[in-house]
Amino acid sequence: MAELRPSGAPGPAAPPAPGPSAPPAFASLFPPGLHAIYGECRRLYPDQPNPLQVTAIVKYWLGGPDPLDYVSMYRNVGSPSANIPEHWHYISFGLSDLYGDSRVHEFTGTDGPSGFGFELTFRLKRETGESAPPTWPAELMQGLARYVFQSENTFCSGDHVSWHSPLDNSESRIQHMLLTEDPQMQPVQTPFGVVTFLQIVGVCTEELHAAQQWNGQGILELLRTVPVAGGPWLITDMRRGETIFEIDPHLQQERVDKGIETDGSNLSGVSAKCAWDDLSRPPEDDEDSRSICIGTQPRRLSGKDTEQIRETLRRGLEINNKPVLPPINPQRQNGFTHDRAPSRKDSLESDSSTAIIPHELIRTRQLESVHLKFNQESGALIPLCLRGRLLHGRHFTYKSITGDMAITFVSTGVEGAFATEEHPYAAHGPWLQILLTEEFVEKMLEDLEDLTSPEEFKLPKEYSWPEKKLKVSILPDVVFDSPLH
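Remember, predicted model here, so these are calculated numbers, not experimental data. For every chain, the first residue of the written sequence is number 1, and numbering continues from 1 onward in sequence order. Thresholds applied to this predicted model are a pLDDT of at least 70 for local features of residues and 80 or more for the giving and counting of side-chain atom pairs; totals over whole chains, interfaces and linings are not thresholded and use all residues. Side-chain figures throughout are based on the complete set of non-hydrogen atoms in the structure, without hydrogens or water.

### Some words on the packing of aromatic side chains
The pairing test for Phe, Tyr and Trp rings, Trp by its six-membered ring, is centres within 6.5 Å, and the orientation test on the planes gives stacked under 30 degrees, edge-to-face over 60, and tilted for anything in between. Inspection of every chain in the model, using the stated rule, returns 17 aromatic pairs. Ring centres 4.9 Å apart and planes at 35 degrees place the aromatic pair tyrosine 38 and phenylalanine 93 in the tilted group. Taken together, the residues tyrosine 38 in helix H2 (residues 32–44) and phenylalanine 93 in strand E4 (residues 87–93) connect sequence positions 55 residues apart. When its relative accessible area of 2% is taken as the criterion, tyrosine 38 is described as buried. With a centroid separation of 6.3 Å and an interplanar angle of 75 degrees, the aromatic rings of tyrosine 398 and phenylalanine 409 are classed as edge-to-face. A run of H or I in DSSP counts as a helix once it spans at least four residues, and a run of E counts as a strand once it spans at least two, with each numbered from the N terminus. Throughout this description, buried means an accessible area under 20% of the type-specific maximum (1.4 Å probe, protein chains only), exposed means over 50%, and partly exposed covers the range between.

### Things to note about the sheet that holds strand E21 (residues 461–465)
Ordered by their spatial adjacency, four strands build an open sheet running E11-E16-E22-E21, and the pairing between neighbours is mixed. Edge positions in the open sheet fall to strand E11 (274–278) and E21, since each of these has one partner strand only. Neighbour to neighbour, the strand axes of the sheet diverge by 15 degrees on average, direction disregarded. Pairing between strands requires that DSSP locate at least two bridges from one strand to the other. Every axis in this analysis is a line fitted to C-alpha atoms, fitted for helices over the stretch in contact. Angles between the N-to-C directions lie between 0 and 180 degrees.

### A look at the pairing of strand E17 (residues 395–400)
Buried residues dominate E17, accounting for six of its six residues. Burial of E17 is two-sided: the residues His395, Thr397 and Lys399 facing one way and the residues Phe396, Tyr398 and Ser400 facing the other way are all buried. Pairing between strand E10 (residues 269–272) and E17: four bridges, direction parallel. Note on E17: the bridge partner recorded for alanine 272 is serine 400. One ladder, built from five bridges, connects E17 with strand E18 (residues 406–410); its direction is antiparallel. Considered in E18, the bridge of threonine 397 is made with threonine 408.

Don't take any of this as a statement about function, it's just geometry.
Here it is in structure tokens:
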């Protein structure tokens, strides 16, 4: 639950917002981390000392559901001459350490990040006649904050978030998000570390897919060049009815396709509905490493396995068709992994309580024939894996969200792989690696071309390369929700 009030309104947990020149006695009573961020807000909005705030009624550190203590909302006049429209500017308080007393975040020193090291911002185009900012962006920011607190994964500029629902619960085409540096908010040095400001940018599904296939920064730069799609400050317009590729059809071919061909994709892994079978032996074979047991307990990924896969998944995106990210709860959920931001908790750590077999006791097996299984959303990423990653000498990992296993595709140029050209299929416990040569990748791209047209796709669908002893099946989601997977 949250309530809306001016930040200067009296309240037990929200004293008036002081500026940089607040009296020393008052500033000493005001949470220092909060005071530092307010100072940056006052620098930008000196005429709005008491903006409207959405504030958590019961603070997170008192058992409330909302990690953000406050979301302040400012009116920004923009700059029409620079194609920057008037808009509402939302700023969060709570992902960084506001208090310094370990009630939420552990204090790690003044030189490192404060809390998670960032706060979220959002810029929403102001509609004609709108006298007060809509409050739905505050709940959107709370949803992202719940994910960060729950997974302990941080966001970085260029990251993308698959939301699968209009951000304001309307009929809008703006249903996903990219993240970038806020164009006005400067990093703040607080007594508890440094805080930077990451701005949420609403995007259409086609723009999210382009960011996945190429990279988020490239799409952000394209959005900046199209005034109605964001402009220089990347302001979200929920009424935007066209993608940047509909506004300027040349952007797809001349910028995105060329960028993928030149740069490849930055997406190196996803959490997905997937599975694999060893066709070299019957599945009931007791030595099948996918079902190694200690007593009656199935083995799970060891700590070293998990660390290796985490290194493989340097950037990923949770494949999730739910309209919102999962709420905070005692059980960890699968989540995003990001390239530049280290996780404070291993995002690939198994939730299973079963016994761990030491890494050194699990031998790597060479397989003669394998069968890969994906749901439709995961399978649609295979062409991206092949074209955007393997043809550029990189790797791509699918980490199962329905079981403790993973599949990594590697090219011949990837170092440290246990799959080789001589033995292209290799398994280390439940982690399968598949090495594909450039020639075979080109062949697979031809055969898998229909994966890029999901509207014409009927499940189940099977692809087979008998000469390579490889089979790929695209199956309904319900298959992966069964106890067998």
